[in-house]
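Okay, here's what each chain looks like letter by letter:
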Amino acid sequence: MSNDASTASGMSSSEIRNFTLNFGPQHPAAHGVLRLILEMDGETIDRADPHIGLLHRGTEKLAEQRMFNQSIPYMDRLDYVSMMCNEHAYVMTIEKLLGIEVPERAQYIRVMYDEITRILNHLMWLGTHALDVGAMTVFLYCFREREDLMDLYEAVSGARMHAAYYRPGGVYRDLPDEMPKHKPNQWRSEADLKAQNVGRDGSVLDFIENFTERFPALVDEYETLLTDNRIWKQRTVDIGIVDADLAKQLGFTGPMLRGSGVAWDLRRKEPYEVYDKLDFDIPVGVTGDCYDRYLVRIEEMRQSNHIIKQCAAWLQQNPGPVISSDLKVAPPARADMKEGMESLIHHFKYFTEGYSVPEGEAYAAVEHPKGEFGTYILSDGANKPYRLKIRAPGFAHLSAMDEMVKGHMLADVVAVIGTMDVVFGEIDR
Amino acid sequence: MFDLSSILSEQVITVLWTLLKIVVIVAPLMLSVAYLTYAERKVIGAMQVRVGPQRVGYKGLLQPIADALKLMFKEIILPTGANKTLFVIAPVLSIAPALAAWAVIPFDDGLVLSELDAGLLYILALTSVGVYGVIIAGWASNSKYAFLGAMRSAAQVVSYEIAMGFALVGVLMAAGSLNLGDIVRAQDGNILTWYWLPLLPLFVVYFLSGVAETNRAPFDVAEGESEIVAGFHVEYSGMTFAIFFLAEYANMILIAALTSILFLGGWLSPFQGIPVLDEMTAWVPGLVWLLAKMSIFLFLFLWFRATFPRYRYDQIMRLGWKAFLPVTIFWLFVEGIAIYAELGPWFDGVLGAAS
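Rules and cut-offs
- Residues numbered from 1 in each chain as written.
- Chains lettered and ligands numbered in written order.
- Predicted model: local features only at pLDDT ≥ 70, side-chain atom pairs only at ≥ 80, totals over all residues.
- Heavy atoms only, no water.
- Pairing = 2+ DSSP bridges.
- Helix = DSSP H or I, 4+ residues; strand = E, 2+ residues; numbered from the N terminus.
- Axes fitted to C-alpha atoms, helices over the stretch in contact; angles between N-to-C directions.
- Salt bridge = Lys/Arg side-chain N within 4 Å of Asp/Glu carboxyl O.
- Parallel < 35°, antiparallel > 145°, perpendicular 65-115°, else oblique.
- Left-handed = near helix turned anticlockwise from the far one by under 90°.
- Contact = heavy atoms within 4.5 Å.
- Nonpolar A, V, L, I, M, F, W, Y, C, P; charged D, E, K, R; others polar.
- Expected span 1.5 Å × (residues − 1).
- Buried < 20%, exposed > 50% of the residue type's maximum accessible area, 1.4 Å probe, protein only.
- pLDDT = per-residue confidence, 0-100.
- 1 Å grid on protein atoms, 1.4 Å probe; cavity = no way out; pocket = protein on both sides within 12 Å on 5 of 7 lines; lining within 4 Å.
- Points joined across faces, edges and corners; volume = space filled by probe spheres on them.
- Phe/Tyr/Trp six-rings, centres within 6.5 Å; stacked < 30°, edge-to-face > 60°.
- Lys NZ or Arg CZ within 6 Å of the ring centre and 35° of its normal.
- Core = buried A, V, L, I, M, F, W, Y, C linked by side-chain atoms within 4.5 Å.

Observations concerning the sheet that holds strand S3 (residues 44-51) of chain A
Through backbone hydrogen bonds, the strands of a sheet pair up, either in parallel or in antiparallel fashion.
All names here are of chain A.
Here is step 1: A sheet is described by the order of its strands in space; here three strands give the open sequence S1-S2-S3, paired in antiparallel fashion. Of all strands in the sheet, those with a lone pairing partner are strand S1 (19-23) and S3, marking the two edges. Across this sheet, the average inter-strand angle for adjacent strands is 20°, counted without regard to direction.
Here is step 2: Here strand S2 (residues 35-41) runs beside S3; their pairing, made up of seven bridges, is antiparallel. Residue Glu39 lies in a different strand from S3, and its bridge partner there is Arg47.

Considering the sheet that holds strand S7 (residues 371-379) of chain A
All names here are of chain A.
Here is step 1: The sheet built from three strands is open, its strands ordered S6-S7-S8 with antiparallel pairing. Edge positions in the open sheet fall to strand S6 (360-368) and strand S8 (387-391), since each of these has one partner strand only. Strand-to-strand twist across the sheet, computed as the mean angle between neighbouring axes with direction ignored, equals 10°.
Here is step 2: Sheet analysis places S7 next to S8, joined by five bridges and oriented antiparallel. Following the sheet pairing, Tyr376 is matched in S8 by Lys389.

What about the pattern of salt bridges?
All names here are of chain A.
Here is step 1: Per the stated rule, a full pass over the model turns up 39 salt bridges over all chains.
Here is step 2: Of the charged contacts, one joins Arg258 and Glu300 as a salt bridge, the two residues approaching to 2.5 Å between their closest N and O atoms. Taken together, the positions of Arg258 in helix H10 (residues 255-258) and Glu300 in helix H12 (residues 290-317) put the pair 42 residues apart, joining distant regions of the chain.
Here is step 3: One salt bridge connects Lys406 with Asp402, and the closest N-O pair in it is separated by 3.5 Å.

Remarks on the packing of helix H4 (residues 119-140) of chain B against helix H9 (residues 238-263) of chain B
All names here are of chain B.
Here is step 1: H9 packs onto H4 with a crossing angle of 155° between their chain directions and a minimal axis gap of 12 Å. One way to sum up the angle between H4 and H9 is to call them roughly antiparallel. Between H4 and H9 the crossing geometry is left-handed. Two secondary-structure elements touch here, H4 through Leu120, Ile123, Thr127, Gly133 and Ala137 and H9 through Phe244, Leu254, Leu258 and Leu262.
Here is step 2: When the residues that make up the contact of H4 with H9 are grouped by side-chain class, the tally is seven nonpolar, two polar and no charged.

Remarks on helix H7 (residues 200-213) of chain B
Residue and element names in this part refer to chain B.
Here is step 1: Between its first and last C-alpha, H7 extends 20 Å over 14 residues, near the 20 Å set by a 1.5 Å rise per residue.
Here is step 2: Counting buried residues in H7 gives ten out of 14 residues, a clear majority hidden from the surface.
Here is step 3: Along H7, the positions that sit buried rather than exposed are Leu202, Phe203, Val205, Tyr206, Phe207, Ser209, Gly210, Val211, Ala212 and Glu213.
Here is step 4: Buried-residue contacts for H7 involve H4, helix H5 (144-175), H9, helix H11 (286-307) and helix H12 (313-340).
Here is step 5: Looking one or two residues past H7, Asn215 carries a phi angle of roughly 60°, positive in sign.

Points about the confidence of the model for chain A
Here is step 1: When pLDDT is averaged across chain A, the result is 88; 96% of the residues are at 70 or more.
Here is step 2: Within the model, pLDDT remains below 50 along residues 1-11 of chain A, and this stretch shows 19 contacts once partners closer than five positions in the same chain are excluded.

Overview of empty space enclosed by the protein
Residues and elements named next belong to chain B.
Here is step 1: Enumeration according to the criterion identifies three cavities of 30 Å³ or more in this entry.
Here is step 2: Space inside the largest cavity adds up to approximately 320 Å³.
Here is step 3: Elements supplying a minimum of two residues to the lining of the largest cavity: helix H3 (84-100), H4, H5, H7 and H9.
Here is step 4: Counted by class, the lining of the largest cavity contains 13 nonpolar, nine polar and four charged residues.

Some remarks on the packing of aromatic side chains
Here is step 1: This structure, assessed with the given rule, holds 36 aromatic pairs over all chains.
Here is step 2: Look at Tyr206 of chain B and Phe263 of chain B: their rings are 5.8 Å apart centre to centre, the planes differ by 40°, and that puts the pair in the tilted class. With a gap of 57 residues between them, Tyr206 of chain B in helix H7 and Phe263 of chain B in helix H9 connect regions that are remote in the sequence.
Here is step 3: Pairwise contacts between aromatic rings join Phe203, Tyr206, Phe207, Phe263, Phe297, Phe301, Phe304 and Phe308 of chain B into one cluster.
Here is step 4: If you follow Arg110 of chain A out to its NZ or CZ, it ends over the ring of Tyr166 of chain A, 5.7 Å from the centre.
Here is step 5: The residue whose ring lies beneath Lys144 of chain B is Phe19 of chain A, and the NZ or CZ to ring-centre distance is 5.5 Å.

Topic: the nonpolar core
Residues and elements named next belong to chain A.
Here is step 1: Ranked by internal contacts, the top residues of the largest apolar core, which has 88 residues, are Met112, Tyr113, Leu126 and Tyr165.
Here is step 2: For this core, the leading source of residues is helix H4 (residues 104-133), giving 14 residues.
Here is step 3: Sequence-distant contacts of Met112, that is, excluding residues within four places in its chain, are made with Leu175, Leu205, Ile208, Ile308, Cys311, Ala312 and Leu315.

What about the packing of H4 of chain B against H5 of chain B?
Residue and element names in this part refer to chain B.
Here is step 1: At a closest axis distance of 8 Å, the pairing of H4 and H5 adopts a crossing angle of 175°. Put simply, H4 runs roughly antiparallel to H5. Taking contact as the criterion, the partners of Leu120, Leu124, Ser128, Val131, Val134, Ile135, Gly138 and Trp139 in H4 are, on H5, Ala146, Phe147, Ala150, Ser153, Ala154, Val157, Glu161, Gly165, Leu168 and Leu172.

Describing the side chain of Thr259 of chain B
Residue and element names in this part refer to chain B.
Here is step 1: You can see Thr259 is positioned in helix H9.
Here is step 2: Overall, the relative accessible area of 0% leaves Thr259 in the buried class.
Here is step 3: In contact with Thr259, not counting residues within four places along its chain, are Phe203, Tyr206, Phe207, Leu264 and Phe297.

Considerations on the layout of surface pockets
Residues and elements named next belong to chain A.
Here is step 1: Estimates place the volume of the second largest pocket at around 860 Å³.
Here is step 2: Elements that contribute at least two residues to the lining of the second largest pocket include exactly helix H5 (136-157), helix H6 (190-196) and helix H7 (204-226).
Here is step 3: If you tally residues by element for the lining of the second largest pocket, the top one is H5, at seven residues.
Here is step 4: Each residue belonging to the lining of the second largest pocket can be placed in one class, and the counts come to eight nonpolar, six polar and eleven charged.

Written out as structure tokens, the structure reads:
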């Protein structure tokens, strides 16, 4: 504990000690299990020391003992608010090692679901960030739209969150022809049911198109509560400023880096899947404060919506396979398996032994909603990775905690945690 | 012997009569507090596209009762290292002024527990005492979060009481009296002679300071749920917590009542001076008008909470010192000039009445 002579008017400076506050892991703004040791001079922060590891589950080690495909569900549980993007990085790394092609339709589906995931993540971020700063209504508005997107997850994978939908070589199955509807029950009035089933009459793609029509107006709705709100601006403008150089030095990626004015986006800089064929803009901030990062993420939601619209239009027009035809890495069609001996053997081998990946190493990264999410796999030629390393964007962001909150007040710590969009699933892995 | 007992019985009757009046005020007040929490949850629920309580009783109407019972039966935890006496005194100190202030509130012409001539001063004194409850609670809890809450509360009081006081000075200048009943009677006339119009800046400042004083959003920094968890009452549980809760809501109702009385003509009918409507609504008791006006402000309390983010505590202080205080002082000057100029219909005759 350091002494602070400047506040010690009248008293001898040795009597004035900084105040150490244990913030979390049980705290409403800790976003899970963040534990911060704050050294404070009154309400002003002198030093912030984030402690991590309370949600460590050893994903990287677990993956070493499992066949490649068995680790896909673990990826969902890393950043548990942007599930499919985590899977995406992992399956892309395996595809790189295997050197297989992904059918174009599968690429479009993946891009579309990546962007749906981005909206899911940003809605969660917006809701919790606003809640931390004290505006609680935005939170419930955001969750209203998340419900539709979760239903889209459920429609393709059967799970609302932990989808396990992507596979090396494509996706698990094509988009269903029918969007599931809410069923009547005794607690649901006729009018409620109708409102809940808006746009669900056709296929999943029709529902997605319906959502993209509705969504921009809903983003406007969130913005009316925050963007020009004086209190919101007082709480976020000039809080946690990170300039472009510092952001690069700290290893920031994603909206945290773009908020500081660096137009770095893997979707543009190192295009993967079909991003080079799609039209979208990369929003960047100017000053690198919480407010700029807020604006960047809001605009990203609009851009994601635009991308989803383009993908859905393409997918409506172009049917085709959604997973690689290489039967060593993808299961055979169910019908073939019932009749052909070879397919049966492929099926058996695929689900019992998995597939072996050539010796070597590969790193693939995606533009995850939080930044650059990458996985690195070192293979010794077996059917499981020799070593898996996960590059989680949140880890670098959280490391900048001290840098960002020094000299700010306690209430700003909460705003900064919100703007970082930390999720401990990926930081602690 | 006979004389003594008759005097005694007279005194006993006075005490009993006063007690009865207190019960008649406090019992509905407590009920209003309970149902204000219900209204809050329903109103904010509607604003946030959800339904609010609906399971306990018809449409959730018994929910506040269930909540109260739950809190009553919960254990009161005294934290180790807490100053036990102060820890228990704090909630009492918080609720006592919130209830005592009702003694001078006129519900209708003459319908008041104590027709005190220095009523406004009494209110000002009591509402300031309530903050000691918060500060002592924060201090006695022996918790850093509670301590921060207490510090913030102290800072907030310093910046708001002054602006609030000046807003009240404006009212008593206009009315020429500190008696709340006289203040309402001075506004008699029609809806435009109420003080909200000539004292509009003071009206806004007073109500916002009232929101700040009751620790409600967006000024709820002493609680600061997402920063200091629950602030001053983080260590309180069971009934001790419930008392803080009651005090907060009783204070909200008090501020709503005061704002109605000081600026919106208390029990006066809004249709006064309008030919036909006035006669048609003449049968409505003044209490109903007062309650209707209070409901408007209580709704605003809830609306604010659903809409605004929370201020940082230095920003609240800045708002208090740099915006509210100059506005009130400036308006006091304007008002003073208007009084000298005998500007009608509000300020004519004020000079004569005061001297």
